[in-house]
Amino acid sequence: MTEHPPRLLVVDDDPSLLRLLVLRLEAKHYQLATATNGQEALQVLRSREIDLVISDLRMDTMGGMELFEQVQHYYPGLPVIILTAQGSIPEAIEATQQGVFAFLTKPIDKVALLEQIERGLSLSRGNAPSRANSAWREKILCRSDLMEQLLAKALQLADADVSVLISGNSGSGKELLAQAIHRASNRATKPFVAINCSALPEPLLESELFGHVKGAFTGAVSEHQGLFRAAHQGTLFLDEIGDMPASLQVKLLRVLQERQVRPVGGTQSVAVDVRVISATHRNLEEAMAAGQFRQDLYYRLNVVNLKLPDLNQRAEDIPLLANYFLQQTGKGVLGQVTAFSPDAINLLVGASWPGNVRQLENVVQQTAALSGTRVIPAALVNQALAQESGFLPSFNEARHQFERDYLVKLMRMTEGNVSKAAELAQRNRTDFYKLLQRHELKAEQFKSTQ
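Computed from a prediction, not measured in an experiment: that's the story for all the values here. (Residues numbered from 1 in each chain as written. Predicted model: local features only at pLDDT ≥ 70, side-chain atom pairs only at ≥ 80, totals over all residues. Heavy atoms only, no water.)

(A) Quick look at the nonpolar core. Grouped together as the largest cluster of nonpolar side chains are 48 residues, with contacts concentrated most on Leu9, Leu45, Val53, Phe340, Leu348, Trp353 and Leu360. At six residues, helix α13 (residues 318-328) tops the list of elements feeding residues into this core. Filtering out sequence-adjacent residues up to four positions away, Trp353 remains in contact with Leu311, Ile318, Leu348, Gln359, Leu360, Val363 and Leu385. Leu165, Ile241, Met244 and Phe293 belong to the second-largest nonpolar core, a separate cluster that totals 30 residues. (Core = buried A, V, L, I, M, F, W, Y, C linked by side-chain atoms within 4.5 Å. Buried < 20%, exposed > 50% of the residue type's maximum accessible area, 1.4 Å probe, protein only. Helix = DSSP H or I, 4+ residues; strand = E, 2+ residues; numbered from the N terminus. Contact = heavy atoms within 4.5 Å.)

(B) Spatial organisation of the sheet that holds strand β12 (residues 304-307). Here five strands make up an open sheet; going across it, the order is β7-β8-β11-β6-β12 and the pairing parallel. The open sheet is flanked by β7 (192-196) and β12, the only strands paired with a single partner. Across the sheet, the axes of successive neighbouring strands diverge by a mean angle of 20 degrees, strand direction being ignored. Examined bridge by bridge, strand β6 (residues 164-167) and β12 share four bridges and lie parallel to one another. Bridging across to β12, Val164 finds its partner in Val304. (Pairing = 2+ DSSP bridges. Axes fitted to C-alpha atoms, helices over the stretch in contact; angles between N-to-C directions.)

(C) Inspection of unusual backbone geometry at higher detail. Of note, the amide linkage connecting Lys106 to Pro107 takes the cis form, showing an omega dihedral of -5 degrees. Relative to the helices and strands, Pro107 is located in the loop between β5 (102-105) and α5 (110-127). Of note, the phi angle at Trp353 is positive, near 50 degrees, even though the residue is not glycine. With respect to the helices and strands, the residue Trp353 is situated in the loop between α15 (342-350) and α16 (356-370). Accessibility expressed as a relative area gives 2% for Trp353, which makes it buried.

Quick look at the structure:
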């Protein structure tokens, strides 16, 4: 898979100069997006991935420096080059001190502009690899290192055709990641079929997965091929696999081993070629220990494990996601509500988000619907977050979060001394190490650096 050409956004309210810049840059094989003022530029940034911005300084609606301030806040690390016909040394110094990547005066020197663009792209693509996205992952918006590392691993295994288990709390985006892996794989042109294993009673789930023949049970008036056959040569996504009934776990294991599926009520098996990606918010190791999940099935499904972080572990992504969800709302599309205030963004970044990305989307939709101004104020976000504090996680999610918070508190108190922490918790040292490992905590994180 080759990397896309660099994507530039050119902003200028002079149509002739805008056209000239576009022609020059397209001749150098850059991908171009254009806007005639800062507001239009922000709309482009919310809907497309951009590697570098070139903006005029003086524009009637939101000038270059105002646009830069918005870019700096919502898209940190994205280089901005400012162009001006009224260039002066004081302006250039002030702009570069504030973080503008380069400041060029008109008439623009073509060679100087191209040099600054290449320097800026080197910085952008070196320090913010998330801006160099590809189509396979376009629905996953992020710029955090944690997510970038996860996506790099997902891309690496996409063509390996092995079974993948995605773990993560509710609302963290497990199905989006499964879809991205499918799109990056050599099965991308074939079907992606998804089912939630906790959403159907056992008889219906069995029929949905494996199909049934006509007359197999009351109501089976015709043959149903089932999702395994529907996903032939493609990908089958089994969401909440940890909630699959034990009897169906046995049948699923047989299909994975034999690569054949037998419909309910049928006598003949049908060969299937399906890549299985499964997901769960449950701890399957605990479920195995409790006899609720088959160990042999676990190892069939968990050839590679990808763990999606909670939203509060990837706070750098919150402004990007919030602005995307705002753009998706009716008010955002129509331009009635265009942005969050800086204080509102700070509140969003600092929230705990027990419902993860799904909860953030709800808050954005609520604040956009209630906002009486173009910029959503902090007070409205604060009100929405207070109402969302009634969000009730599942018992397993609440227990998991409590356990992790408790371990972090103990390790901070003991400055990373596992023996002391285990003693305070009244657990033996070996068990305590296992708890730390389960929550991906290391003693080194808490040791004093003084």
